[in-house]
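Now for the letters of each chain:
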Amino acid sequence: MPPTPPPLLLPAPRCPRSTAVLAASRFAASASSSSGGGGGGSSSGARTARPPPAPRRRRGKPGFSRQSAIKKSFHQEQVVFSTPVPPDPSVAVVGGGASGLACAASLAARGVRAVVFDTGMHGLGGRMATRAIAAAGDQQQQQQLVFDHAAQFFTASDERFKRVVDEWMDKGLVREWGGLIGELDAGGHFRPMPSSSPPRYIGVDGMRPLADAILPESDLIEVVRPCWISKLEPFNGLWRLFENEKPHGQYDAIVIAHNGKCANRLLSTSGLPLLTRQMKRLQLSSVWALLAAFQDPLPIPQTDSYGTFEGAFVKDVDSLSWMANNTQKLFPLQTGRPECWTFFSTAAYGKRNKVPQENIPKITAEKVKEDMLRGVELALGLSRGSLQQPFYTRVQLWGAALPMNTPGVPCIFDPQGRAGICGDWLTGSSIEAAVLSGMSLANHIADYFASSGEQPEEFAIGLHENLSQVEGHDIGQFPGLESQKPHVAEAQLTPST
């Protein structure tokens, strides 16, 4: 009897090998049982194909850097698994953002066990992030300060993702954001989005609860967090995972569902040079987020025609690309709450002021806060120093915020190494792209398992495609939304560090 597909993700055809088509693989009823047994009796189920010897290089200073990871990747030997695929395979998914969670859910729908490893201390979701802060003083629980501090909203243009969103709406997890959004020129000149724009969706309680909604109730899915997978090791026909030498099981295939320097580091000694090369080609922008709570409403420009906006793409202000009123967005019927605003910098500002996001110097945090609040004044047409001071602020650097280039394929899979990559960056920078990529890779892997690993070359996808620039707003793409601006593409394309 085939397992019942999860309620939030729907069937889609297996992803094509074309670089131009965005397609997610279908949820079949079940993966066919593979012929053959387990790993056999050899001391290792993986062999390596040796490339021609590379010229010797002078050794540098010890220690790790992204550049050292890149150099190591050029000299990796390709892992080639030769053991048969077992009838009950398992997959490790490293990364619990929207793409990794969609991948795990889709694998479970195909009868494949998936274990998700995520570094999140507060929850899953990656950029589907919401922060709730207890207000000071006598504020009650319902008066928490709530901020969506990464993904602000999303649209749905693909029919498969539209069906996913419909499921979320039926369950009361999302609703349309009916508030006014548009473009804000420096000086307070606001233009609303056209009435023909597609629906904009937000999480009813913020974006993070949607992450949990992606995963169905299933014995085939396990989540391990917080966990920082630091090493991948092929052994006896399986992948072994480690967190600082602590073992975290062995799996028939692995999925890399995150990116940036951590993914480069993980892949640099993995024995997967083709995946490593594609991941290192990815270039990421950096964006600062400022969360600020104000006791009184901000002086938002308004007209009789439009009223006051709740979200705006800011133009011609170096330190500001987006501003949104979380209070109006999430609690439109409540009164008397402080106004909680999320502000994002431009990618250009983020690049110039980038620091290690794990340890932001206090002087940098203060400078960024002042610059961004001054940017708010410029955007609203206020005189310098006239903006009321927020009673709560927090700055956060998204050091690997959004992709600046993309290969234009829904997923990447190396059948020789039984390893793949999923993520929004493979086709763009949106929640829709992330979910469809995870679904696509999951079904591709399940189809590979069902083939018993025969003719693996037919399952190779995305290993050699070139990457092209991504166009969109500095805070991401919103499929179907007019006035997409090539802000991300305008930034100089340099490797992330």
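Parameters and conventions
Residues numbered from 1 in each chain as written. Predicted model: local features only at pLDDT ≥ 70, side-chain atom pairs only at ≥ 80, totals over all residues. Heavy atoms only, no water. Phe/Tyr/Trp six-rings, centres within 6.5 Å; stacked < 30°, edge-to-face > 60°. Helix = DSSP H or I, 4+ residues; strand = E, 2+ residues; numbered from the N terminus. Buried < 20%, exposed > 50% of the residue type's maximum accessible area, 1.4 Å probe, protein only. Pairing = 2+ DSSP bridges. Axes fitted to C-alpha atoms, helices over the stretch in contact; angles between N-to-C directions.

Turning next to the packing of aromatic side chains. Note on aromatic pairs: each is described by the distance of the centres and the angle between the planes. Enumeration over the complete set of coordinates arrives at 18 aromatic pairs. Where Phe153 meets Trp177, the ring centres are 5.7 Å apart and the plane angle is 65°; that geometry is what we call edge-to-face. Here Phe153 is found in the loop between strand E6 (145–148) and helix H3 (159–170), whereas its partner Trp177 is found in the loop between strand E7 (174–176) and strand E8 (181–185), with 24 residues between them in sequence. For Trp177, a relative accessible area of 3% translates into the label buried. Members of the aromatic cluster, connected to one another through ring pairs, are Phe153, Trp177, Phe313, Trp322 and Phe478.

What follows covers the sheet that holds strand E13 (residues 238–243). The strand order across the open sheet built from three strands is E12-E13-E14, with neighbouring strands paired in antiparallel fashion. Taken across any chain shown, the strands that pair with only one partner, and hence form the sheet edges, are strand E12 (231–235) and strand E14 (246–251). Pairs of neighbouring strands in the sheet enclose a mean axial angle of 25°, with direction left out of account. Looking at chain direction, E12 and E13 are connected through five bridges and run antiparallel. Note on E13: the bridge partner recorded for Glu233 is Arg240.

Let's shift gears to the environment of Leu378. Summarising the element assignment, Leu378 is placed in helix H9 (residues 362–380). Residue Leu378 is classed as partly exposed on the basis of its relative accessible area of 39%. In this structure the C-alpha to C-alpha distance between Leu378 and Gly188, which are 190 residues apart in sequence, comes to 7.8 Å.

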